[in-house]
Amino acid sequence: MSSSVLVVGGGLVGTSTAYFAAREGLNVTLLEQKHVAYGASGRNPGFVWLHCRNPGWALDVSLKGRDLYDQLRHDLPVPFEFRAEGGLIYFHDDRQEAVFKEFVAARQADGLDMSLIDGKEVKSLVGPVRNDVVGASFCANDAQINTPTVVAALAAGARAEGARLQEGVTVTKLIVADGRVIGVETNEGNFFADTVVIATGAWTQKLMQASGYDVPVGRERLQIMATKPLPRQIRPVVYGPNATKAYSLFRNLPSWDDELFRSRIEEETGFSLLTLASQRANGEILIGCPMDYPGDVDLFPTLGGLSALTEDILADFPGLRGAGIDRVWAGVLPFTSDMVPIVDEIFPGLIVGAGHVFGNSSGPMTGKLISQMLLGEQLEVDMTEVRWNRELDPVIPGHSVQW
Ligand SMILES: Cc1cc2nc3c(=O)[nH]c(=O)nc-3n(C[C@H](O)[C@H](O)[C@H](O)COP(=O)(O)OP(=O)(O)OC[C@H]3O[C@@H](n4cnc5c(N)ncnc54)[C@H](O)[C@@H]3O)c2cc1C
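Treat the numbers as computed from the prediction; the structure is a model and nothing was measured.

## A few points about the overall build of the protein
Consideration 1: Scanning the protein from N- to C-terminus turns up 10 helices and 20 strands.
Consideration 2: Taking 403 residues into account, the globule formula puts the C-alpha radius of gyration at 22 Å, and the protein, at 21 Å, falls close to it.
Consideration 3: Overall, the protein is about 65 × 40 × 40 Å in size when its C-alpha atoms are taken along their principal axes.

This is the structure in structure tokens:
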């Protein structure tokens, strides 16, 4: 099929597309407006999170995506940080236990390696967590990556396979001729190729609007703090009970009760709080995340957000009270109304791979699947759920969403 490909965007989706397509012998150029990993892929805390993936495309791709990391560790020319020590969601109110029990049973039935662990075990895995922790759902399939290192390794792999990666090039518009996309306009002039792949995450809606397409990918901002390097004290990736509210898999359980999961800090600050912690190999602990919904991509943390984050983390991780803070940042996560991305050829010569809520488990696999599309091969996953022509609701700036 196509022999030349322009990939727009240097995140997990774009760099993996470039890597897999170049490996198959296609002539690949990747254009990135700033630098690779500038977007969400360089700013997230690294959860490879199978725990709460809905059955269907999300879980299928995530299981394959989790395994793909083992392959990439072997194949890519430079190493990246990956740790397979599971993930957990702890709770500290006895009344929540019934919900977690039901959740774990449902997930076991979906094929995940999941168990309910007690408070003592949680404390042994997560040193700084509060002492009154009662238990947790634990998923052995979950893992952790240091996302900028993964993007850098994919970019190095793409280059080694012959792809050209051009940073500082902003795509402004698609070029269409004879009923087909044939290239893009940029601040560095026009680029042409047989196929253009849009992998611009949270920037997708605006970019596509400039070319007359309505691609309903919304923007959710999450704020993070990183401590200075500390001795190893957190092994799995960790969510607090507030995180349950973000996931339909919890909210749809018969035992679910909103009242049991109310948070005073959320109510007082107005932020939804995805309470989380993960510790990287260098010892720094990433903590987060207040969530809000700016109209445009806004990469600045706010005082209100950081204050809510601090209060929430101090309540649940008293062991971090004295931890020095090294950096704070925000990232913008893309989403669609049904919480799975669009991965499809939406016009001749134009493939969109955007709207990934869970890009750590699904991003590299999306690149592999797009490369199979480019080669006209049979795709290894059923793509019905992520087709362009499905019904998607519009995204409304400022409106909160649940995954
Ligand atoms: C704070 C935070 C926490 C998260 N936590 C997790 C998590 O723990 N686990 C998980 O699975 N997912 C998580 N996510 C989501 C995950 O980060 C995304 O699903 C994933 O990074 C999306 O990858 P992407 O390649 O589609 O987009 P991005 O990584 O955003 O890449 C898009 C790239 O396109 C570039 N670009 C945009 N417009 C243009 C243009 N016009 N021209 C050229 N280049 C352009 C941008 O600069 C950017 O580098 C989190 C997101 C955030 C923000």
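## Examining the pairing of strand β14 (residues 218–227)
Regular strands have side chains that alternate between both faces of the sheet.
Consideration 1: Of all 10 residues that make up β14, 10 are buried, and the element is covered over most of its length.
Consideration 2: The two faces of β14 match: G218, E220, L222, I224 and A226 on one face and R219, R221, Q223, M225 and T227 on the other face are all buried.
Consideration 3: Bridge count between β14 and strand β18 (residues 325–335): 10 bridges; the pairing is antiparallel. Looking at the pairing, T227 lines up with I325 of β18.
Consideration 4: As judged from the 5 bridges shared by β14 and strand β17 (residues 285–292), these two strands associate in the antiparallel manner. Residue pairing in the sheet places A226 in a bridge with L286 of β17.

## Examining the site of the ligand
Consideration 1: Near the ligand, the surroundings consist of 36 residues, among which E32, S41, F47, H356 and G359 are the closest.
Consideration 2: Backbone polar atom of G39 to an oxygen atom of the ligand: 3.4 Å apart, as the coordinates give it.
Consideration 3: A40 has a polar backbone atom sitting 2.9 Å from an oxygen atom of the ligand.
Consideration 4: Protein chains bury 97% of the 1000 Å² of accessible surface belonging to the ligand in isolation.
Consideration 5: Elements represented by at least two residues in the shell around the ligand include exactly α1 (12–23), β2 (27–32), β14, β18 and α10 (359–374).
Consideration 6: Split into classes, the residues belonging to the shell around the ligand amount to 18 nonpolar, 16 polar and 2 charged.
Consideration 7: If you count residues domain by domain, the shell around the ligand takes at least three from each of domain 1 (4–76 + 147–216 + 337–386) and domain 2 (87–140 + 218–335).

## A look at the environment of H356
Consideration 1: Inspection of the secondary structure assignment puts H356 in the loop between β20 (350–354) and α10.
Consideration 2: By relative accessible area, which is 8% here, H356 ends up buried.
Consideration 3: For H356 and T366, which are 10 residues apart along the polypeptide, the C-alpha to C-alpha distance reads 9.4 Å.

## Considering the pattern of salt bridges
Consideration 1: Summed over all chains, the structure comprises 24 salt bridges.
Consideration 2: With a shortest N-O distance of 2.9 Å, D316 and R130 are connected by a salt bridge. Taken as a pair, D316 in helix α9 (residues 303–316) and R130 in the loop between α4 (119–125) and β7 (135–139) lie far apart in primary sequence, 186 residues in all. Each member of the pair, D316 as well as R130, carries the same accessibility label: buried.
Consideration 3: With a closest N to O distance of 3.1 Å, K206 and D296 form a salt bridge. Remark: D296 occurs in the loop between β17 and α9 and K206 occurs in helix α6 (residues 204–209); sequence separation between them is 90 residues.
Consideration 4: Judged by relative accessible area, which is 53%, K206 ranks as exposed.
Consideration 5: Among the ionic contacts, a cluster of salt bridges with common partners joins R280, E284, D326 and R327.

## Description of unusual backbone geometry
Consideration 1: Each neighbour pair has its own omega, and for G288 with C289 the value is -15°, a cis peptide bond.
Consideration 2: Positive phi outside glycine occurs at A37, with the angle close to 70°.
Consideration 3: Its place among the elements puts A37 in the loop between β2 and β3 (47–48).
Consideration 4: Unlike most non-glycine residues, D178 shows phi in positive territory, near 50°.
Consideration 5: For D178, the position within the fold is in the loop between β10 (171–177) and β11 (180–186).
Consideration 6: Among the residues examined, D178 registers a relative accessible area of 82% and is labelled exposed.

## Section: the sheet that holds β7
For sheets, the rule is that strands pair by backbone hydrogen bonds, running either parallel or antiparallel.
Consideration 1: Spatial ordering of the open sheet is given by β6-β7-β5-β15-β16-β17-β14-β18, a layout of 8 strands whose pairing is mixed. Looking along the sheet, the strands with just one partner apiece sit at the ends: β6 (114–118) and β18. Neighbour-to-neighbour, the strand axes of the sheet open up by a mean angle of 25°, direction not taken into account.
Consideration 2: Sheet topology places strand β16 (residues 272–279) next to β17; 6 bridges connect them, and they run antiparallel. Bridge pairing links S272 to M291 in β17.
Consideration 3: Of the strands in this sheet, β5 (87–91), β6 and β7 are in contact with helix α3 (residues 97–109), which crosses β6 at around 155°.
Consideration 4: The strands touched by α9 are β5, β14, β16, β17 and β18; relative to β14, the strand with the most contacts, the crossing angle is about 55°.

Here is what the cut-offs are and how they apply
- Residues numbered from 1 in each chain as written.
- Predicted model: local features only at pLDDT ≥ 70, side-chain atom pairs only at ≥ 80, totals over all residues.
- Heavy atoms only, no water.
- Helix = DSSP H or I, 4+ residues; strand = E, 2+ residues; numbered from the N terminus.
- Rg over C-alpha atoms; globule rule 2.2 N^0.38 Å.
- Buried < 20%, exposed > 50% of the residue type's maximum accessible area, 1.4 Å probe, protein only.
- Pairing = 2+ DSSP bridges.
- Near = heavy atom within 4 Å.
- Polar contact = N/O pair within 3.5 Å; in protein donor to acceptor, adjacent residues only side chain to side chain.
- Areas by Shrake-Rupley, 256 points an atom, 1.4 Å probe, with all protein chains shown as cover.
- Nonpolar A, V, L, I, M, F, W, Y, C, P; charged D, E, K, R; others polar.
- Domains from an automatic or database assignment.
- Salt bridge = Lys/Arg side-chain N within 4 Å of Asp/Glu carboxyl O.
- Axes fitted to C-alpha atoms, helices over the stretch in contact; angles between N-to-C directions.
- Contact = heavy atoms within 4.5 Å.

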